[in-house]
Amino acid sequence: MNIDISGARILYTIPIDFPFLGRIEISETIAVSWLVMLIITFTCIWLTRGLRETNINKKQAFAEMLVDMAHNFVIGNMGEKFRYMIPFVAALFSTSLISNLISLVGFRSPTADLSTEAAWAVVVFIMITKQKIKSAGLGGYLKGFTTPIPLMTPFNVLSELATPVSMACRHFGNILSGIVINGLIYAALTVASKVLLGMIPGMVGNILSNIPVLAVGIPAILSVYFDWFTAFMQAFIFSMLTVMYIANASEE
């Protein structure tokens, strides 16, 4: 099986050597990420078709509820001047959430690949830096690295770079650990089922030992936490960190 450095399978390689890029490899992470974007795009199109000002249906009521939640989340944590951030934060949260949950239908979650969270974190870091420069000016931003004393400059630079690293690793670690733990539990219950039921003498034991009885139901219960709860929490935490970092940058 062809695997790239992030652990994702390579599904297709474009047999053309592009300048400076070489041959472009389409990994499972890239393919599923595009699937997530298509799901979000078509869901938005479906929710916003046939909008009315009066006598709205349940679909429009649900769409308006989602918009109100995104509005209240951003304005409540960042202030009215960051109203323009609502579409970005909503897109970030929905992409993270769907990427986390898509593993429930058998796909490899893009957020189980560190490169996904790293790309998101870099974008957020650029927005944070832009906001700091906008608030304090380029000179004030660079001068901030020398506070409280110039000797602290290397440490302040490292602290600044630690922001995207910590955001990416926190999200990636929680999602990947849930996948790994679920896999280990399922494998352990399968082995335990084979051993325990294999102790039944005769043909009955031989037949039942090949059926992973213990692996049915228990992993699904644990999935409520490792897949559903963790998916929502990590999407929320990543979005919350984004709005808090950007809001704090405007006050520096």
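Please refer to the structure placed before this passage.
Note that residues are indexed from 1 along each chain, following the sequence as it is written. Under the rules for a predicted model, residues below a pLDDT of 70 receive no local features and side-chain atom pairs below 80 are neither given nor counted, while totals for whole chains, interfaces and linings still include all residues. The basis for every side-chain value is the complete set of non-hydrogen atoms in the structure, without hydrogens or water.

### Some points on the overall build of the protein chain
Numbering of helices and strands runs from the N terminus; a helix is a DSSP stretch of H or I covering at least four residues, while a strand is a stretch of E covering at least two. Counting secondary structure elements, the protein chain contains seven helices and two strands. Working definition: with a 1.4 Å probe on protein chains only, accessible area under 20% of the residue-type maximum means buried, over 50% means exposed, and in between means partly exposed. Expressed as a percentage of the 252 residues in the protein chain, the buried residues total 31%. Whether two residues touch is decided by their heavy atoms; if any such pair falls within 4.5 Å, the residues are in contact. Long-range pairs, those at least 24 residues apart, make up 62% of the contacts in the protein chain with a sequence separation of at least 6. Every accessible area reported is derived by Shrake-Rupley at a probe size of 1.4 Å, with residue values counting cover from the shown protein chains alone. Approximately 15500 Å² of the protein chain is accessible, and the part contributed by carbon and sulfur atoms is 73%.

### Focus: unusual backbone geometry
Even without being a glycine, N55 presents a positive backbone phi close to 50°. Residue position: N55 is located in the loop between α1 (28-47) and α2 (58-78). Residue classification places N55 among the exposed positions, given a relative accessible area of 67%.

### A closer look at a nonpolar patch on the surface
For patch building, the residue pool is restricted to those with more than 30% relative accessible area and no salt bridge; the joining distance is 9 Å between like charges and 5 Å between nonpolar side chains (Val, Leu, Ile, Met, Phe, Trp, Tyr). The salt bridge criterion pairs a side-chain nitrogen of Lys or Arg with a carboxyl oxygen of Asp or Glu, the two atoms within 4 Å. A surface patch of nonpolar side chains, about 480 Å² in accessible area, is lined by L104, V105, F107, W228 and F232. Its place among the elements puts V105 in the loop between α3 (86-101) and α4 (114-143).

### Structural notes on the environment of I175
Positionally, I175 belongs in helix α5 (residues 153-198). With relative accessibility at 7%, the residue I175 sits in the buried group. For the pair I175 and D227, spaced 52 residues apart in sequence, the C-alpha to C-alpha distance is 8.2 Å. The contacts of I175, once residues within four sequence positions are left out, are N100, S109, T111, A112, T230 and Q234.

### Describing the packing of α2 against α3
Geometrically, a packed helix pair is captured by the angle between its two axes and the distance between the axes. What counts as an axis is a line fitted to C-alpha atoms, over the stretch in contact for a helix, and the angles between N-to-C directions run from 0 to 180 degrees. Two elements in contact, α2 and α3, have axes separated by 9 Å at closest approach and are oriented at 115°. As judged from the angle between their axes, α2 and α3 are roughly perpendicular. Note that α2 runs across α3; the crossing there is right-handed. Mapping the contact onto sequence places A70, H71, F73, V74 and I75 in α2 and I86, V89 and A90 in α3. All amino acids are sorted into three groups, where Ala, Val, Leu, Ile, Met, Phe, Trp, Tyr, Cys and Pro are nonpolar, Asp, Glu, Lys and Arg are charged, and the leftover types, Gly among them, are polar. When its residues are assigned to classes, the contact of α2 with α3 shows seven nonpolar, one polar and no charged. Oblique is the label for any angle not under 35 degrees, not over 145, and not in the 65 to 115 range, which are roughly parallel, roughly antiparallel and roughly perpendicular in turn. By definition, turning the near helix anticlockwise from the far helix through less than a right angle yields a left-handed crossing, and turning it clockwise yields a right-handed one.

### Digging into α5
For α5, spanning 46 residues, the distance from its first C-alpha to its last is 65 Å, which sits close to the expected 68 Å at 1.5 Å a residue. Roughly 30° is the biggest bend found in α5, and it falls at A162, with proline P164 one to four residues downstream. Helix span is expected to be 1.5 Å times the residue number reduced by one. One axis is fitted to the seven residues ending at the residue and one to the seven starting there. The bend at that residue is the angle between these axes.

On their own, these measurements won't tell you what the molecule is for.
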